[in-house]
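# Understanding the architecture of this molecule
As a plain string of letters, each chain reads:
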Amino acid sequence: MVRVDGSPLDVCTGPAMRAVRDLVTKVAATNAAVLLTGESGVGKEVVARAIHHASPRAGRPLLKVNCAALPGELLESELFGHARGAFTGAYRDKPGKFEQAQQGTILLDEIGEVPLRLQAKLLHVLQDGEFARVGGERVLQTDVRVMAATNHDLEADIRGGRFREDLYYRLNVIAIHVPPLRERRDEIPALVAHFLKTANAQYGRSLDVPPALLRRLVAHTWPGNIRQLENIVKRMVVLGSAAWIEDELVAHPAASAPPAPVPGPAAAILGLKLIARRAARDAERLAITNMLERTHWNRTKAARLLQISYKALLYKIVECGLTEKPVAPAPPTPKNDVVA
Ligand SMILES: Nc1ncnc2c1ncn2[C@@H]1O[C@H](COP(=O)(O)OP(=O)(O)O)[C@@H](O)[C@H]1O
Ligand SMILES: [Mg+2]
């Protein structure tokens, strides 16, 4: 059995990732093409790296090409290199990633964005291990393991004529689906601890996440998946405070998110802008609640009296999580700020 120790994947030990981890160890020893699917930020690249590092190619490069970042012609040159004079600006011969990754691994990130014409050339490399540089005459051999990643539904792209079916089957020898973070919330505490440790070490701090905030993070839906969680923890460490996280999570509330805590004495350590933002938001929520009660939830009237548009009011009602049945205001609770 190939071990994946030392990879960030070690953090994800929950049941949803067990299948992924098992596949990583199984396919590492082979040369089979791997297609990684899943939403943006779920860790597809982390999985690709784990496979490469557990494979016999580990001593050779793993080169990633972001297929969405370059227009077709530049992407072709990036992948396959070009001969001098192949196009304007091609002053000298240049090897592409398929040459540079010799005996290693190439990760074609966002494979769903590759134009059809280039898909044909990729298919050829995958089938015969051969290609030519752009504008080059010599046929070059390549020994590269290919992995591809996408957040597209490639089967839908095939039906829509945007992706070649034959290329799909070549890439999809081993399919690994990395589930979104909201389907593996049990891993959030370990991920938070991991990101905290890394960021604390990086910025010379010793912040902690209080249990109430951790519960909040576990309940969140995380549309940006692990990347978003990592960013939030990192920013929290850099700013030395977690108070603003409330604002961020309120902007994308979890289905069952608890109400936002009322700012307490700990707010004094916040930056002035944050204090102002939170105070404005709380004042707005209060004013809107009062007006809706006064007008018996006649939104048109409430909007007119508040001097905002009807649409703006509806937006704020949703944003503040207000509901029509009369609700007692939440009792002030101590703010769970992170203590440095
Ligand atoms: N299992 C994990 N453990 C720790 N960090 C992870 C894990 N999975 C993903 N990450 C981090 O989350 C971010 C997004 O991961 P990435 O592999 O780039 O996602 P994707 O390729 O699916 O968009 C990266 O910064 C990565 O280091
Ligand atoms: Mg990625």
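Predicted model, so just to flag it, every value in this text is computed and none were measured.

### Considerations on the overall build of the chain
A tally of helices and strands in the chain yields 14 helices and seven strands. Sequence separation of 24 or more characterises 75% of the internal contacts of the chain that already satisfy a separation of 6 or more.

### Focus on the site of ligand 1
Taken together, the neighbourhood of ligand 1 is formed by 17 residues, with Pro8, Gly43, Lys44, Glu45 and Ile226 sitting nearest. Only helix H2 (44–53) and helix H10 (225–239) provide two or more residues apiece to the shell around ligand 1. Partitioning the shell around ligand 1 into residue classes produces eight nonpolar, five polar and four charged. Mapped onto the domain boundaries, the shell around ligand 1 takes at least three residues apiece from domain 1 (8–179) and domain 2 (187–319).

### Examining the sheet that holds strand S2 (residues 62–66)
Spatial strand order, S2-S3-S6-S1-S7: five strands in an open sheet with parallel pairing. Unpaired on one side and paired on the other, S2 and strand S7 (174–177) mark the two borders of the sheet. Between one strand axis and the next, the sheet turns by 20° as a mean value, whatever way the strands run. Inspection of the sheet shows strand S3 (residues 105–109) paired to strand S6 (residues 145–150) by five bridges, in the parallel sense. Along S6, the bridge assignment pairs Asp109 with Ala149.

### Details of the environment of Ala28
By secondary structure assignment, the location of Ala28 is in helix H1 (residues 15–28). Accessibility expressed as a C-beta count within 10 Å gives 21 for Ala28, which makes it buried. Considering only alpha carbons, one finds Ala28 and Ala58, 30 residues apart in sequence, at a separation of 9.8 Å.

### Description of the pairing of S6
Counting buried positions over the six residues of S6 gives six, a clear majority of the element. Across the two faces of S6 the burial is the same, with Arg145, Met147 and Ala149 and Val146, Ala148 and Thr150 all buried. Pairing analysis gives four bridges linking strand S1 (residues 34–37) to S6, with the strands arranged parallel. Within S6, the position partnered with Leu35 by the bridge is Ala148.

### With respect to the confidence of the model for the chain
Mean pLDDT over the chain: 85, with 85% of residues reaching 70 or higher. Across residues 1–5, confidence stays below pLDDT 50; counting only partners more than four residues off in sequence or on other chains, it has 13 contacts. Long-range and interchain partners of residues 326–340, a stretch whose pLDDT sits below 50, account for 34 contacts in this model, where long-range means more than four residues apart.

### Topic: H10
Along its 15 residues, H10 runs 21 Å from first to last C-alpha, staying within 8% of the 21 Å computed at 1.5 Å per residue. Listed as buried for H10 are Asn225, Ile226, Leu229, Ile232, Val233, Met236 and Val237. Seen along its axis, H10 keeps its buried residues to an arc of 130°; they face one direction. Gly240 occupies a position one or two residues after H10 and carries a positive phi of about 70°.

### With respect to the nonpolar core
Within soluble globular proteins, side chains that are nonpolar tend to cluster in buried spots. Formed by 63 residues in total, the largest nonpolar core has its most connected members in Val24, Leu36, Val47 and Ile51. It is H10 that contributes the most residues to this core, six residues altogether. The two domains that each donate at least three residues to this core are domain 1 (8–179) and domain 2 (187–319). Not counting residues up to four positions away in its chain, the partners in contact with Ile51 are Val24, Val27, Ala28, Val34 and Met147.

### A closer look at the environment of Leu167
Structurally, Leu167 can be placed in helix H7 (residues 165–171). Sequence separation between Leu167 and Gln119 is 48 residues; the distance between their C-alpha atoms is 7.0 Å. Look past the residues within four positions of Leu167 in its chain and what remains in contact with it is Gln119, Leu122 and Leu123.

### Quick look at the packing of helix H13 (residues 299–306) against helix H14 (residues 310–319)
Between H13 and H14, the least distance of the axes is 9 Å, while the angle of their chain directions is 105°. By the criterion of interaxial angle, the relationship of H13 to H14 is roughly perpendicular. Where H13 abuts H14, its residues Arg299, Thr300, Ala302, Ala303 and Leu306 lie against Tyr310, Leu313 and Leu314. Looking at the contact of H13 with H14 residue by residue, the classes come out as six nonpolar, one polar and one charged.

### Examining helix H5 (residues 116–128)
An α-helix turns once per 3.6 residues; consequently, residues spaced three or four apart project the same way. The end-to-end C-alpha distance of H5 is 19 Å, a good match for the 18 Å that 13 residues give at a rise of 1.5 Å each. Gly129, located one to two residues past H5, shows a positive phi value of around 65°.

### A short note on unusual backbone geometry
Here Asn225, not a glycine, exhibits a phi torsion of approximately 55°, which is positive. The residue Asn225 is located in helix H10 in this model. The exposure class of Asn225 is buried, given the 22 C-beta atoms found within 10 Å. Residue His296 is not a glycine yet carries a positive backbone phi of 50°. Positionally, His296 belongs in the loop between helix H12 (272–294) and H13. For His296, a count of 9 C-beta atoms within 10 Å translates into the label exposed.

The rules behind these values
Residues numbered from 1 in each chain as written. Chains lettered and ligands numbered in written order. Predicted model: local features only at pLDDT ≥ 70, side-chain atom pairs only at ≥ 80, totals over all residues. Helix = DSSP H or I, 4+ residues; strand = E, 2+ residues; numbered from the N terminus. Contact = placed C-beta atoms within 7 Å. Near = placed C-beta within 6 Å. Nonpolar A, V, L, I, M, F, W, Y, C, P; charged D, E, K, R; others polar. Domains from an automatic or database assignment. Pairing = 2+ DSSP bridges. Axes fitted to C-alpha atoms, helices over the stretch in contact; angles between N-to-C directions. Buried ≥ 20, exposed ≤ 12 C-beta atoms within 10 Å, placed from the backbone. pLDDT = per-residue confidence, 0-100. Expected span 1.5 Å × (residues − 1). Arc of directions from axis to C-beta. Core = buried A, V, L, I, M, F, W, Y, C linked by C-beta atoms within 7 Å. Parallel < 35°, antiparallel > 145°, perpendicular 65-115°, else oblique.

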